Amino acid sequence: MSSLRPLPRRLLLLVAATAALAAPATAQPVETLQQVKLVLDWKALPTFAGFFLAREMGAFERRGLDVRFSETQGALSSASMVGEGKEFWIGSSSGIATAIGRSKGLPIKSLAVYYQKPPTVIYTRTEDRIAHPRDLYGKTLGLVPGSITNEEFRALLAANKLDRSKINETTVDWNAYDLVEKKVDALIDYDEMAPSELIAEGRRIMMIRLSDFGVRAYSLNLIVNDAAWADPEKREIAQKIEEAVQEGYNMVKERPADAAQHFSRLFPRLAPRYVDRSMATVSQQLSGPPTGQQTRAGWEATIKTLDQLGLLDKPITPDDVAILN
């Protein structure tokens, strides 16, 4: 009879686990994701939530893509970078910047439009009672050099037949400090950016929405370089990116509170109250047509607005500027 005692159950499990670790592992196939660099025309703010949420939700990964984001300062800049096609061949822009760029010979086209109208507002202190574009007469408006909002402001003046010489203009940076410190009477920006930040801080401001005063033009969109679109492999990647970003923006459109929670986790530096307010504004901007839809009529209106302002270097058509089904 053996004097050896049976090993305790826990020890048996430990021995088995150790043996399993020591045994040669069977190689598991790992799918290699295709890396793509995409340029966003501004900072990581709720405006671009569709892009960041698409990555967070795994929408890119499910399509075999590893999409990396970079930032630039403004839609005109991103249109130029995508047009060059060196470091970036796909990115976000504005419908106005896309059309202007195309008229200048940039080889870019719009693949999807997320904002059917400009989210741009002229915002002021509530106590100054600037509620209509004509109320800007005699006031000081701050403009950011190189911003597409300058062209949108020109469209506002034309649509309302205003005399620009009666409005004092000055140069400002990309922030609301000059308004808060009463150095200017009004600033211009996207509703969900600086205005939402001020409202989240409890400040009382009034907004003039350009889309309410005759400015008809496409805004936030996804653009692609012509040569990339002509390449079957890159065209397929671009279509996958479009599908994934649509998933992200659909979440913002249908569940802005959930989208705000996810976005706040990604960017904890942003004040939660600001993200909530901004995301709700983006959701409203996305309401209406299916996410990403662009139409011939929409581009005709955009081109007409720019043509009337003399902002196009040469005549263009919707087919020149957009990939239309």
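Bear in mind the structure is a predicted one, so any value in this text is a computation, not a measurement. In every chain, residue numbers begin from 1 and rise along the written sequence. Restriction of local features to residues with pLDDT of at least 70 applies here, the model being predicted, together with a cutoff of 80 or more for giving and counting side-chain atom pairs; totals for whole chains, interfaces and linings are based on all residues. Side-chain figures throughout are based on the complete set of non-hydrogen atoms in the structure, without hydrogens or water.

Each helix is a run of DSSP H or I of at least 4 residues and each strand a run of E of at least 2, with the numbering of both proceeding from the N terminus. Summing up its helical and strand segments, the protein chain has 13 helices and 10 strands in all. Radius of gyration (C-alpha) of the protein chain: 25 Å, far over the 20 Å computed for a compact globule of 325 residues. Considering only C-alpha atoms, the protein chain reaches an extent of 110 × 50 × 30 Å along its principal axes. Here the term buried applies to any residue with accessible area under 20% of the maximum for its type, exposed to any over 50%, and partly exposed to those in between, with areas from a 1.4 Å probe on protein chains only. Residue burial in the protein chain is summarised as follows: out of 325 residues, 49% are buried. A separation threshold of at least 6 residues defines the contact pool for the protein chain, and within that pool the share at least 24 residues apart is 81%. A positive count includes Lys and Arg, and a negative count includes Asp and Glu. His and the chain ends are not counted in either. To locate a charge, the coordinates of NZ of Lys, CZ of Arg, CG of Asp or CD of Glu are taken. A gap of 4 Å separates the mean positions of the 40 positive and 40 negative side-chain charges of the protein chain. Here the globule rule reads 2.2 Å times residues to the power 0.38, and the radius of gyration is calculated from C-alpha atoms. Note on contacts: a residue pair qualifies if any of its non-hydrogen atoms lie within 4.5 Å across the two residues.

Any two strands with at least two DSSP bridges between them are considered paired. Spatial strand order, β7-β6-β8-β5-β9: five strands in an open sheet with mixed pairing. A single partner strand is all that each edge strand has here, and the edge strands are β7 (168-171) and β9 (205-209). Between one strand and the next, the sheet's axes are offset by a mean angle of 35°, whatever the strand orientation. Direction of pairing for strand β5 (residues 120-125) relative to β9: antiparallel, over a ladder of five bridges. Note on method: axes are straight lines fitted to C-alpha atoms, helices fitted across the in-contact stretch only, with angles between N-to-C directions ranging 0 to 180 degrees.

Now for the pairing of strand β4 (residues 108-113). Within a regular strand, the side chains alternate between the two sheet faces. With five of six residues buried, β4 is to be regarded as a mostly interior element. The pairing of β4 with strand β10 (residues 220-225) spans five bridges and is classified as antiparallel. Each residue of the ladder has a partner; that of Ile108, found in β10, is Asn225.

Another point: the pairing of strand β3 (residues 90-94). With respect to burial, β3 is a largely interior element, five of its five residues being buried. A two-sided burial pattern is seen for β3, the buried positions comprising Ile90, Ser92 and Ser94 on one face and Gly91 and Ser93 on the other. For β3 and β10, the ladder comprises five bridges, and the chain directions are antiparallel. Following the sheet pairing, Ser93 is matched in β10 by Asn221.

Below, the discussion takes up the nonpolar core. Each nonpolar core is a collection of buried residues, namely Ala, Val, Leu, Ile, Met, Phe, Trp, Tyr and Cys, held together in the definition by side-chain atoms within 4.5 Å. Among the nonpolar cores identified, the biggest contains 50 residues, and Phe48, Phe51, Phe60, Tyr114, Ile241, Tyr249 and Val252 are the most heavily contacted of them. Considering every element that reaches this core, the biggest residue donor is helix α9 (residues 232-254), with eight residues. Excluding residues within four positions of it along the chain, Phe48 makes contact with Leu40, Asp41, Trp42, Lys43, Ser92, Met193, Leu220 and Tyr249.

Here we take up unusual backbone geometry. Of note in the backbone geometry, Arg129 takes a positive phi value of approximately 55° without being a glycine. Summarising the element assignment, Arg129 is placed in the loop between β5 and β6 (140-143). On the basis of relative accessibility, which here comes to 67%, the residue Arg129 falls in the exposed class. Of note in this structure, Lys161 is not a glycine but carries a positive phi near 50°. You can see Lys161 is positioned in the loop between α5 (149-159) and β7.

Attention shifts here to α5. For α5, a buried count of eight out of 11 residues is recorded, marking the element as mostly surrounded by other parts of the structure. Of all the positions in α5, only Thr149, Asn150, Glu151, Glu152, Phe153, Ala155, Leu156 and Leu157 are classed as buried. Two residues or fewer past α5, Lys161 is found with a positive phi of approximately 50°.

Mapped onto the elements of the fold, Arg63 is located in the loop between α2 (49-56) and β2 (65-71). Nitrogen and oxygen atoms within 3.5 Å of one another constitute a polar contact, given that in protein one can donate a hydrogen and the other can accept it, and given that sequence-neighbouring residues count only through two side-chain atoms. A polar atom in the side chain of Arg63 sits 2.8 Å from the side chain of Glu247. Apart from the residues within four sequence positions on either side, Arg63 is in contact with Lys240, Glu243, Ala244 and Glu247.

Let us look at the packing of helix α4 (residues 95-103) against helix α12 (residues 296-308). Axis separation between α4 and α12 bottoms out at 10 Å; the angle between their running directions is 70°. On the basis of their axis angle, the class for α4 and α12 is roughly perpendicular. In the packing of α4 onto α12, the handedness of the crossing is right-handed. Every residue of α12 that contacts α4 at Gly95, Ile96, Thr98, Ala99 and Ile100 is listed here: Trp299, Thr302 and Leu306. Amino acid classes used here: Ala, Val, Leu, Ile, Met, Phe, Trp, Tyr, Cys and Pro are nonpolar; Asp, Glu, Lys and Arg are charged; the rest, including Gly, are polar. Of the residues that constitute the contact of α4 with α12, the class distribution is five nonpolar, three polar and no charged. Angle categories are assigned with fixed cut-offs, so that under 35 degrees is roughly parallel, over 145 is roughly antiparallel, 65 to 115 is roughly perpendicular, and the rest are oblique. By definition, turning the near helix anticlockwise from the far helix through less than a right angle yields a left-handed crossing, and turning it clockwise yields a right-handed one.

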